[in-house]
Amino acid sequence: MKRYEALAELIAADIRTGTIPAGSKLPSVRKLRAQHQVSASTVFEAYHRLEDRGLVRARERSGYFVLGINQHAMPQASSAAPQPAQVDISQLVFAILGAVQDRNILPLGSAFPSPKHFPLPRLAKSLASSARFIDPWETVASLPPGHLALRQQIALRYLGLGMPQAPENIIITNGALEALNLCLAAVAQPGDLITIESPGFYAPLQAIERLKMRALEIPVSAQDGLDLDAFESLLDQHPVKACWLMTSFQNPMGVSMSEQKKQRLVQMLSARQIPLIEDDVYGELYFGARQPLPAKAFDTDGWVMHCSSFSKCLAPGYRIGWVSPGRFARQVEQLKLMTTLSASVPAQVAIADYLQTGAFDKHLRKLRHTLESQLTLMLDAIRRHFPPDVRVSRPQGGYFVWLEFAAGFDTLRLHRQAAEQGISIAPGPIFSACRQFQNCMRLNFGGQWNDDFEVAMKRLGRLIAEQ
Ligand SMILES: Cc1ncc(COP(=O)(O)O)c(C=O)c1O
């Protein structure tokens, strides 16, 4: 890491934790030079980097200030004790996802970034050229764990993070969604109690509903994710069978747990022999200096099942994901065999070929930069068009912001009104088994930001003001 990057990281961490609060002035260049023994240009570079990341803004002749909208304004997780619940969410989710599929609708409610950010023409080349050399035998005998060259490439990426996973323990799936569902089916039965996040991604809710399990919703705070003390006492009170959560750039809040917390979480679950199904689909989309380690990096006994995919960062339609399921590898492999047999062989071969060219990291660097700049545009648009009392998360990766309006505000109603004007949003209740978060919504800033987005944000602002 360059010196200015390291300095920017230190300051960003202070902003994240609230040590330097929103609205306050950053220390002067002279003070930082003396404190960190660096040159003035290093300090300026660090400040520019923080400005690019949308964390601070320069005011003429006054210095740099921490921007006003930030996650510290977000509420703490609710302190009410969660109760196990039956889940009935799918119809609501289907109705809302329907709007995302319409090309004429501006997809602020979508779960994907714009496909224009992906190197699809380059991948198509890999698909065309590698398809000619696919071993014909492989197209009929392609069984789990999946295409070896692809598993080796994924293993190399784990190695790059300093957390080696053997290629034979990596199972290729149809996107992360299949990986997550296989993991759940491998470790739990109908009636079992599964802890999930609240607010949280709707797929665990749907899986729990389909498999007739029960959900225990654990509140997540926008500052640092799960409250581990509260979580531990819940584990002592309830017979939890498995835990499904996101530890980095959580959907919908964008929040990440610190690596220290991830380590403690793994220790806590392993000691109770509770499997952790870790959804890490946004892990590569970080804005900081390096990828945050997943909880899996701290897993010494194989209780963590790490799931991810190429859907959010490279090739959504190829439907290629994977899982490194630790001690449950054989159960997951057998379930894969019994359900969908294998993922598409040409898609696996094409992605393996693309990864072998070494182009992936360059693409990711560009994508992260684009997303981070678009976060700034989104926050700016919120500041200009939305009421001043709206509270907004400030993610350090991914492409979602989470907004909270005053109590009583109805984002389901906003969703219907916005759809009539050609805009989708993701209303809060789809992220909860008990349909909480009526006054919250998730917005996607990973589209192709252009004038249409500006107009859409302005229209949304008007609808919000009318409510
Ligand atoms: C948090 C989260 N996990 C998993 C998935 C599914 O990933 P994939 O498209 O690779 O199946 C999504 C997609 O929306 C997601 O948002």
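In this text, all values refer to a predicted model and were calculated from it rather than measured experimentally.

### Regarding the overall build of the chain
And step 1. If you tally the helices and strands in the chain, you get 16 helices and 17 strands.
And step 2. For the chain, whose C-alpha radius of gyration is 22 Å, the value lies close to the compact-globule estimate of 23 Å for 467 residues.
And step 3. Structurally, the chain occupies a C-alpha span of about 70 × 50 × 50 Å along its principal axes.
And step 4. When each of the 467 residues of the chain is scored for burial, the buried share is 57%.
And step 5. In the chain, of all internal contacts separated by at least 6 residues, the share reaching a separation of at least 24 is 76%.
And step 6. A total of about 19900 Å² of accessible surface is found on the chain, and carbon and sulfur atoms cover 52% of it.
And step 7. Taking the average location of the 49 positive side-chain charges in the chain and that of its 42 negative ones, the two points are 5 Å from each other.

### Some remarks on the packing of helix H8 (residues 175–187) against helix H9 (residues 202–210)
Between two packed helices, what matters for the description is the angle formed by their axes and the separation of those axes.
And step 1. As a packed pair, H8 and H9 sit with axes 11 Å apart at the nearest point and diverge in direction by 45°. As far as their axial angle goes, H9 and H8 are oblique. In the crossing of H8 with H9, the sense of the turn from one axis to the other is right-handed. Taken together, the residues of H9 that come into contact with H8 (itself represented by Leu-177, Asn-181 and Leu-184) are Ala-203, Ala-207, Ile-208 and Arg-210.
And step 2. A per-class count over the contact of H8 with H9 returns five nonpolar, one polar and one charged.

### So, the sheet that holds strand S14 (residues 400–404)
And step 1. Read from one edge of the open sheet, four strands run S13-S14-S17-S16, paired in antiparallel fashion. Two strands lie at the open edges of the sheet, namely strand S13 (391–392) and strand S16 (426–427), each paired on one side alone.
And step 2. Alignment of S13 against S14, held across two bridges, turns out to be antiparallel. When the sheet's bridge partners are listed, Arg-391 is paired in S14 with Glu-404.

### Thoughts on the site of the ligand
And step 1. Surrounding the ligand, one finds 15 residues, the nearest of these being Asp-279, Tyr-282, Ser-309, Ser-311 and Lys-312.
And step 2. Here Ala-176 contributes a backbone N or O atom positioned 2.8 Å from an oxygen atom of the ligand.
And step 3. A distance of 2.6 Å separates an oxygen atom of the ligand from a polar side-chain atom of Ser-311.
And step 4. When residues of the shell around the ligand are assigned to their parent elements, the largest contribution, four residues, is made by H8.
And step 5. For the shell around the ligand, the class distribution of residues is eight nonpolar, four polar and three charged.

### So, H9
And step 1. The buried fraction of H9 amounts to seven of the nine residues, a majority that puts the element mostly inside the structure.
And step 2. Every buried residue belonging to H9 is among Tyr-202, Ala-203, Pro-204, Leu-205, Gln-206, Ala-207 and Ile-208, and all of these are buried.

### Description of the nonpolar core
And step 1. Among the nonpolar cores identified, the biggest contains 131 residues, and Phe-386 and Leu-443 are the most heavily contacted of them.
And step 2. A domain split of this core shows at least three residues from each of domain 2 (85–116 + 362–466) and domain 3 (119–359).
And step 3. With residues up to four places along the chain from it excluded, the contact list for Phe-386 reads Ala-381, Leu-403, Phe-405, Met-441, Leu-443, Met-457, Leu-460, Gly-461 and Ile-464.
And step 4. Grouped together as the second largest cluster of nonpolar side chains are 18 residues, Ala-8, Leu-26, Tyr-64 and Val-66 included.

### Brief notes about unusual backbone geometry
And step 1. Cis geometry marks the peptide bond from Pro-144 to Pro-145, where omega comes out at 15°.
And step 2. When you line up the elements, Pro-145 lands in the loop between helix H6 (136–140) and helix H7 (148–160).
And step 3. Cis geometry is found at the peptide bond from Asn-251 to Pro-252, where omega equals 20°.
And step 4. By the secondary structure assignment, Pro-252 is in the loop between strand S9 (240–245) and helix H11 (259–271).
And step 5. Located in the positive-phi region is Gln-37, a residue other than glycine, with phi close to 55°.

### Section: the side chain of Lys-312
And step 1. With respect to the secondary-structure elements, Lys-312 resides in the loop between strand S11 (304–309) and strand S12 (320–324).
And step 2. Polar side-chain contacts of Lys-312 include one of 3.2 Å to the backbone oxygen of Ala-111.
And step 3. Aside from chain neighbours lying at most four places away, what touches Lys-312 is Ala-111, Phe-112, Pro-113, Phe-118, Val-281, Tyr-282, Leu-285, Leu-367 and Tyr-399.

### Details of the packing of helix H2 (residues 29–36) against helix H3 (residues 40–52)
And step 1. At a minimum axis distance of 9 Å, the contact between H2 and H3 shows a crossing angle of 110°. Here H3 runs roughly perpendicular to H2, going by the angle between their axes. Pair H2 / H3 crosses with right-handed handedness. Contact residues: Val-29, Leu-32 and Arg-33 in H2; Ala-40, Val-43, Phe-44 and Tyr-47 in H3.
And step 2. Its residues assigned to classes, the contact of H2 with H3 comprises six nonpolar, no polar and one charged.

### Quick look at the environment of Gln-223
And step 1. Structurally, the position occupied by Gln-223 is in the loop between strand S7 (214–221) and strand S8 (225–226).
And step 2. As for Gln-223 and Leu-377, which are separated by 154 residues in sequence, their C-alpha atoms are 22 Å apart.

About the cut-offs
In this convention, every chain numbers its residues from 1, walking through the sequence in written order. Per-residue local features of the predicted model are confined to residues with pLDDT of at least 70, and side-chain atom pairs are confined, for both listing and counting, to 80 or more; whole-chain, interface and lining totals are unaffected and use all residues. Side-chain numbers come from the whole structure's heavy atoms, not from hydrogens or water. Strands are runs of DSSP state E lasting at least 2 residues, helices are runs of H or I lasting at least 4, and numbering of each runs from the N terminus. Computation of the radius of gyration draws on C-alpha atoms, with the globule rule given as 2.2 Å multiplied by the number of residues to the power 0.38. Exposed residues in this analysis have more than 50% of their type's maximum accessible area, buried residues have under 20%, and partly exposed residues fall in between, with area computed by a 1.4 Å probe over protein chains only. Here, residues are in contact when the closest pair of their heavy atoms is within 4.5 Å. In short, Shrake-Rupley with a 1.4 Å probe defines the accessible areas, and a residue's cover is counted only from the protein chains shown. Under this rule, positive means Lys or Arg and negative means Asp or Glu; His and the chain ends count for nothing. Taken as the charge location is NZ of Lys, CZ of Arg, CG of Asp or CD of Glu. Note on geometry: axes are lines fitted to C-alpha atoms, helical ones only across the stretch in contact, with angles between N-to-C directions running from 0 to 180 degrees. By definition in this entry, angles of less than 35 degrees are roughly parallel, angles greater than 145 are roughly antiparallel, angles of 65 to 115 are roughly perpendicular, and the rest are oblique. Each crossing gets its handedness from the near helix: less than a right angle anticlockwise from the far helix is left-handed, clockwise is right-handed. Residue polarity follows a fixed list, in which Ala, Val, Leu, Ile, Met, Phe, Trp, Tyr, Cys and Pro are nonpolar, Asp, Glu, Lys and Arg are charged, and the others, Gly among them, are polar. A strand pair is defined by DSSP finding two or more bridges across the two strands. If a single non-hydrogen atom of a residue is within 4 Å of a molecule or strand, that residue counts as near it. Polar contact is the term for a pair of N or O atoms within 3.5 Å; when the atoms are in protein, one must be able to donate a hydrogen and the other to accept it, and sequence-neighboring residues count only if both atoms are side-chain atoms. Note on terminology: a nonpolar core comprises buried Ala, Val, Leu, Ile, Met, Phe, Trp, Tyr and Cys residues joined through side-chain atoms within 4.5 Å. The domain boundaries here were taken from an automatic or database domain assignment.

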